[in-house]
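Take a look at the letters that make up each chain.
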2 protein chains.
Amino acid sequence: MKLSNKTVERVCRVFGYLKVLEDKGIAFVSSLDLAKAIGATESTVRKDISILELTGFSRKGYDVMLLKKELGVKLQLNKKRKACIVGLGRLGTALLDYEKFQEDGFEIVAGFDASINKIERINTVIDVFAVDDLENVVAQRKIELGIIAVPAQAAQGIAYKLVKSGVKGVLNFSPVKLIVPKNVMYLDMDFTSALRSIAARMAVC
Amino acid sequence: MKLSNKTVERVCRVFGYLKVLEDKGIAFVSSLDLAKAIGATESTVRKDISILELTGFSRKGYDVMLLKKELGVKLQLNKKRKACIVGLGRLGTALLDYEKFQEDGFEIVAGFDASINKIERINTVIDVFAVDDLENVVAQRKIELGIIAVPAQAAQGIAYKLVKSGVKGVLNFSPVKLIVPKNVMYLDMDFTSALRSIAARMAVC
DNA sequence: TATATTTAGTGATTTTTTTCACTTAAAGCT
DNA sequence: AGCTTTAAGTGAAAAAAATCACTAAATATA
Ligand SMILES: NC(=O)c1ccc[n+]([C@@H]2O[C@H](COP(=O)([O-])OP(=O)(O)OC[C@H]3O[C@@H](n4cnc5c(N)ncnc54)[C@H](O)[C@@H]3O)[C@@H](O)[C@H]2O)c1
Ligand SMILES: NC(=O)c1ccc[n+]([C@@H]2O[C@H](COP(=O)([O-])OP(=O)(O)OC[C@H]3O[C@@H](n4cnc5c(N)ncnc54)[C@H](O)[C@@H]3O)[C@@H](O)[C@H]2O)c1
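Below you will find a few notes about this structure.

### Details of the side chain of Asp104 of chain A
Inspection of the secondary structure puts Asp104 of chain A in the loop between α6 (100-103) and β4 (106-113). In this structure Asp104 of chain A touches Lys19 of chain A together with Thr192 and Arg196 of chain B, once residues within four positions along its chain are discounted.

What follows is the structure, encoded as structure tokens:
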């Protein structure tokens, strides 16, 4: 079972949609419905699911609860993951307060910032620390995921500290590519690049 | 000159890095440096640039200012684009105040929210309106880009209104896939799916 | 019960994307 | 001036991804 990143990404979106269907009480879903919901084709969805060695039911589609459970097991999406947010500015505090992360199994257990002023003024139920405590807190609390929301020039340093302290996944909101070891999973959320891609496609299409 | 989305995305990231290099006063850059900065290989970078019918200089690499200018022209990344943000909650207000969008040519000229209370209390230099005014304001101000930061269940409706009012590009922060006409450029920024992808790859790698 | 219909499963094929491997141009060096 | 080195340019090859086209299973229908 060799999963490409693309398959992983699609299947994660399928998982999110299955949660929606489950909440709505829908029992079965076709590959075509899943495809529409995630922006893919039905054959791609079926191939993805079959790569994961999972199956549906002829003429009925996929059992929503069952598939969600099986995907959860295969990709460990049911497992709760401890995460932290570094950089508690405009974006970082928005992320800190986003309750849905908790619902989806991402427990934000710490926030860090370089500014003591800011830390004192932040109003949140989540523990916030000075960034100097990052290594200790991440190691002690066994935090697995680091979310980086510091200015670009500070991002690589934070990534390095997070990795050194045991983090195994990094989501980076700063607009620079970071270098992390190959065994650390890493994704960028670069809003400006995204806007540029849209603008460029508006220009050339 | 047929550009794939992948090429567009990479080249947009190259463009961002060229700005950094320009600010640093660096005159030439190799395909390898560019590749490292955006997380690609040197041959991919060279191919991308050559697809755009642009060239560098033997043994010197690419002229930073020149390539940036040429990319700007080809993809109209120099052109200023008017944008608006719909949904002025935690995330929307963070986006509203992000000055770097302006620097990068994305002029946020309006914000919209359904809650009059919120609109009255928001402290920003940008004009904010009730969402009922969206269609008028977007059309009148010739806004080309819509940034969606409303709750999931409201997102499709907003997308529809934006498109109807003339928007040609949509950046969606809500965790659902939206349906827009094919001639409207569209991208998702789904943080939860991103975290899931990272977690899944932590599990299977 | 037989037949039609729907939808998953899948090997083959096609398309897209990336990488390789070599050529060419320019600059620096002796 | 000639040799060496460096880095872009590029057609060909390889790899990856997506799609097609068909099979099979299950349900509904007549
Ligand atoms: N706000 C947005 O809408 C937006 C949009 C696109 C990109 N981004 C990116 O997201 C990141 C955060 O943006 P923001 O608007 O929240 O910025 P911000 O300036 O509001 O917040 C940054 C925070 O990081 C803290 N910080 C600085 N250096 C630090 C360090 N070494 N360790 C720990 N904390 C440190 C600062 O004290 C501050 O609180 C930036 O890289 C920005 O480019 C933000
Ligand atoms: N905050 C985060 O860190 C975060 C993380 C991941 C995803 N998101 C997504 O981004 C979106 C915004 O998140 P948020 O945390 O800012 O939410 P929020 O609840 O703080 O803000 C949503 C805003 O949208 C407004 N709104 C609701 N319906 C509207 C409508 N029909 N038209 C106009 N405005 C309307 C509300 O009044 C509110 O101000 C959501 O879809 C959320 O799932 C946010």
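The rest of the description comes next.
### Remarks on the packing of aromatic side chains
Evaluated as defined, the whole model comprises eleven aromatic pairs over all chains. Measuring from centroid to centroid gives 4.8 Å for Phe191 of chain A and Phe173 of chain B, while their planes differ by 75°, and the two rings are edge-to-face. Taken as a pair, Phe191 of chain A in helix α10 (residues 191-204) and Phe173 of chain B in the loop between β7 (169-172) and β8 (185-188) lie in two separate chains rather than in one. Look at Phe191 of chain A and you get buried, because its relative accessible area is 9%. Of the residues examined, Phe173 of chain B reaches a relative accessible area of 9% and is grouped as buried.

### So, the site of ligand 2
Surveying the vicinity of ligand 2 reveals 24 residues, the closest of which are Tyr98 of chain A together with Leu91, Asp113, Lys118 and Val150 of chain B. The environment around ligand 2 is built from residues contributed by chains A and B. One nitrogen or oxygen atom from the main chain of Gly89 of chain B is found 3.5 Å from an oxygen atom belonging to ligand 2. Between ligand 2 and Arg90 of chain B there is a distance of 3.0 Å, counted from an oxygen atom to a backbone nitrogen or oxygen. Relative to its unbound accessible area of 820 Å², ligand 2 is 83% covered by the protein chains. Listing elements by their share of the shell around ligand 2, those giving two or more residues are α5 (90-96) of chain A together with α5 (90-96) and α9 (152-164) of chain B. For the shell around ligand 2, the element with the highest residue contribution is α9 of chain B, accounting for three residues.

### Some details on the interface of chain A and chain B
Between chain A and chain B, the residue contacts involve 59 residues of the former and 59 residues of the latter. Summed over both sides, the interface of chain A with chain B buries roughly 5300 Å², with 72% coming from carbon and sulfur. Along the contact surface separating chain A from chain B lie four salt bridges. Between the two partners, chain A and chain B, sit eight residue pairs in polar contact (both at pLDDT 80 or more). The set of elements that each furnish at least two residues to the side of chain A that touches chain B consists of α1 (5-24), α2 (31-38), α4 (64-75), α5, β6 (145-148), β7 (169-172), β8 (185-188) and α10 of chain A. For the side of chain A that touches chain B, the leading source of residues is α10 of chain A, giving 14 residues. Residues belonging to the side of chain A that touches chain B are distributed by class as follows: 34 nonpolar, nine polar and 16 charged.

### Examining the protein's contact with DNA strand D
As a structural note, the neighbourhood of DNA strand D is formed by 23 residues, with Ser31, Thr55, Gly56, Arg59 and Tyr62 of chain B the closest of them. Between DNA strand D and Thr44 of chain A there is a distance of 3.0 Å, counted from a phosphate oxygen to a side-chain nitrogen or oxygen. Elements supplying a minimum of two residues to the surface near DNA strand D: α1 and α3 (42-51) of chain A together with α3 (42-51) of chain B. Sorting elements by how many residues they give to the surface near DNA strand D places α3 of chain A first, with four residues. Its residues placed into classes, the surface near DNA strand D shows three nonpolar, eleven polar and nine charged.

### Description of the pairing of strand β3 (residues 81-86) of chain A
Along a regular strand, successive side chains alternate from one face of the sheet to the other. Residue and element names in this part refer to chain A. Burial analysis of β3 places five of its six residues in the buried class, which makes it a mostly covered element. Where β3 lies against β4, six bridges are found, and the strand directions are parallel. Its bridge partner lying in β4, Val86 is registered against Phe112. Bridge analysis of β3 against β6 gives four bridges, and the strand direction is parallel. Each bridged residue has a counterpart across the sheet, and for Ala83 the counterpart in β6 is Leu145.

Reading the values: the criteria
- Residues numbered from 1 in each chain as written.
- Chains lettered and ligands numbered in written order.
- Predicted model: local features only at pLDDT ≥ 70, side-chain atom pairs only at ≥ 80, totals over all residues.
- Heavy atoms only, no water.
- Helix = DSSP H or I, 4+ residues; strand = E, 2+ residues; numbered from the N terminus.
- Contact = heavy atoms within 4.5 Å.
- Phe/Tyr/Trp six-rings, centres within 6.5 Å; stacked < 30°, edge-to-face > 60°.
- Buried < 20%, exposed > 50% of the residue type's maximum accessible area, 1.4 Å probe, protein only.
- Near = heavy atom within 4 Å.
- Polar contact = N/O pair within 3.5 Å; in protein donor to acceptor, adjacent residues only side chain to side chain.
- Areas by Shrake-Rupley, 256 points an atom, 1.4 Å probe, with all protein chains shown as cover.
- Buried area = accessible area lost by both parts, 1.4 Å probe.
- Salt bridge = Lys/Arg side-chain N within 4 Å of Asp/Glu carboxyl O.
- Nonpolar A, V, L, I, M, F, W, Y, C, P; charged D, E, K, R; others polar.
- Pairing = 2+ DSSP bridges.

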